[in-house]
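Read off the chains here:
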Amino acid sequence: MPLTHAELDRAIRAHMQANRIVGLAACRVQDGDIVWENGFGSANLSAQHPMTPDTLLNIASVSKTFTTTALMQLWEKGRFQLDDPVSGYLPFPVRHPRFDTPITFRHLLTHTSGIQDSSAYYASYAPGDPTITLREWLEGYLLPGGKYYDAELNFCTWGPGGDFDYTNVGYGLLGFLVESISGTPFTRYVREHLFEPLMMYRSGWLLSEVDQTNHAIPYVYTDDKDSMLKPLFANPADVGTEGPIPLALYSFPNLSDGLVRTSVREIARYAAAFSVPRYDGIPLRPETMQTCFTPQIAVREVHGSLLGLGLTWFFTPYREEPSCIKYWGHDGGDPGVNTRLQLSLERRGAVIIFTNSNHPKESMDTLSELIWQVE
C-alpha cells in the first residue's frame, strides 16, 4: 500500500531511533524527477547542523559506479576492449604473482582479478586528503618491492577469472586506468565529464574540492578495541566511550574506490541519467548502460545478501534471468557512513539513502523498501 510523505517521514524517524542513526538524507526519483526528498537528524551534532538533501557526505563504494562510468566513456570511444589485459594501458606492469593469466578490464569490473585488500589498504585511512598520489599508492601495493607489497596478502590464492572476491584496490587501479588512458588526472576527468555535465557542481573527491562546512561528520559507536578507527577519532579522548563518536573527515589514497563527496540532491541527477536514458546530461549511451547492466556472474552471497553482478552494478535477486531482476544498484559502507543507490529500470525510478553512522544492512533494506512505497 502506498505511503504518504507524512507516513514515510514518521516511519523513517522511528527507524532511525531504533537503529541509532545520527543523520539521514534520502530521496525517491521517478521519471527523471525527485518526487520525495527529506533530511532527518544531524549532520554535525556539535555545530547543530541538520542533515538535509543538500548535505555533502563521502559516499563510500557507491563511488565505484562513478569510476566505472568514467571508464566506460573511454570504452565508448574505442580506447580499450573489456577483455584487454590492463598492463598494456599502464606505465607499470600489473600481474598476479602466482599466475600467468593477465588481468583484464572485465576482471577488475567484476571483482574477479585476484587482487585483494590487505591490512595495508585499511591502514591507509587517515584524516584529511591523501598525502600520496593514486599512482604512488598502486605502485607500492602492486609492484614487487613496493612499500605495501605482499604477494601473499595482496593477492588471492586463485588467479584472474578464477573466482569472485570484492576488492577496493581493484577500483583504485580502474581509476588510474581512467587517468592513464585519458591523459587527464582522475579527479579532474570525473569533474569535467561527469559532475559538470550533470550539474553536480558541489561534488568532488578531495576535501579540498568541496565545501567542508556543508560536509556531514561521520559518527560511530565503538570501543577502544577497534584499531582502524582510533586514528580517525576527531577527539582521542573519545576512545572507550560508547558514542556517537565524531570522526575526522578522512580519506585514503585509493580514492577511486570510495571517495565521491556529494549530496542526495546532486546524485539524484546521476541516478536519473541511469533510470531514464532520455535524461539531460546523460553520461553514457543507452547501449553502453545496457552493457553495464548485463549479468556477468551470479554471486551467491555478498556481505550477507544474495546478489549478482553486471559491470560494477549489483543486481537482486541474483538469478541471471532478466525477468527476475528487480533492482540494480550499489551500497557503500565506511567508518561512520552507510549509503545506497538503487535503480529500478522497469519502474524508471531510483532510491538514494545517505546516513552518517553505521547500521546493519538489513536496516538499509527496510529503509529502501519504505521509500519505494512513497506516493
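The structure presented is a predicted model; accordingly, all values stated were derived computationally and were not measured.

**A look at the nonpolar core**
By size, the foremost hydrophobic cluster in this structure holds 87 residues, and its most contacted members are F66, L173 and I352. Not counting the four nearest positions on each side in its chain, I352 is found in contact with A25, A26, C27, V29, V264, I267, A268, A271, R340 and L341. Core analysis: the second largest hydrophobic core is formed by 18 residues, M16, V351, L370 and I371 among them.

**Let's talk about the packing of aromatic side chains**
A complete count under the given rule lists 22 aromatic pairs for this structure. When the centroid spacing of 4.6 Å and the interplanar angle of 40° are considered together, the rings of Y125 and F252 count as tilted. Within this pair, whereas Y125 is found in the loop between α4 (119-122) and β5 (126-127), its partner F252 is found in the loop between β8 (250-251) and β9 (261-262), the two being separated by 127 residues in sequence. By relative accessible area, Y125 is classed as buried at 6%. Judged by centre distance (5.1 Å) and plane angle (40°), the ring pair of F293 and W328 falls under tilted. Note that F293 is positioned in the loop between α9 (286-292) and β10 (297-302) and W328 in strand β13 (residues 327-334), a separation of 35 residues in sequence. In this structure, F293 and W328 share a single accessibility class: buried. An aromatic cluster of at least three residues, connected via ring pairs, comprises F66, F195, Y270, F274, F293, W313, F315 and W328. A cation over an aromatic ring shows up here: R20 above the ring of Y221, its NZ or CZ 3.9 Å from the ring centre. We note K64 situated over the ring of Y171; from NZ or CZ to the ring centre the distance is 5.6 Å.

Here is what the cut-offs are and how they apply
- Residues numbered from 1 in each chain as written.
- Predicted model: local features only at pLDDT ≥ 70, side-chain atom pairs only at ≥ 80, totals over all residues.
- Heavy atoms only, no water.
- Core = buried A, V, L, I, M, F, W, Y, C linked by side-chain atoms within 4.5 Å.
- Buried < 20%, exposed > 50% of the residue type's maximum accessible area, 1.4 Å probe, protein only.
- Contact = heavy atoms within 4.5 Å.
- Phe/Tyr/Trp six-rings, centres within 6.5 Å; stacked < 30°, edge-to-face > 60°.
- Helix = DSSP H or I, 4+ residues; strand = E, 2+ residues; numbered from the N terminus.
- Lys NZ or Arg CZ within 6 Å of the ring centre and 35° of its normal.

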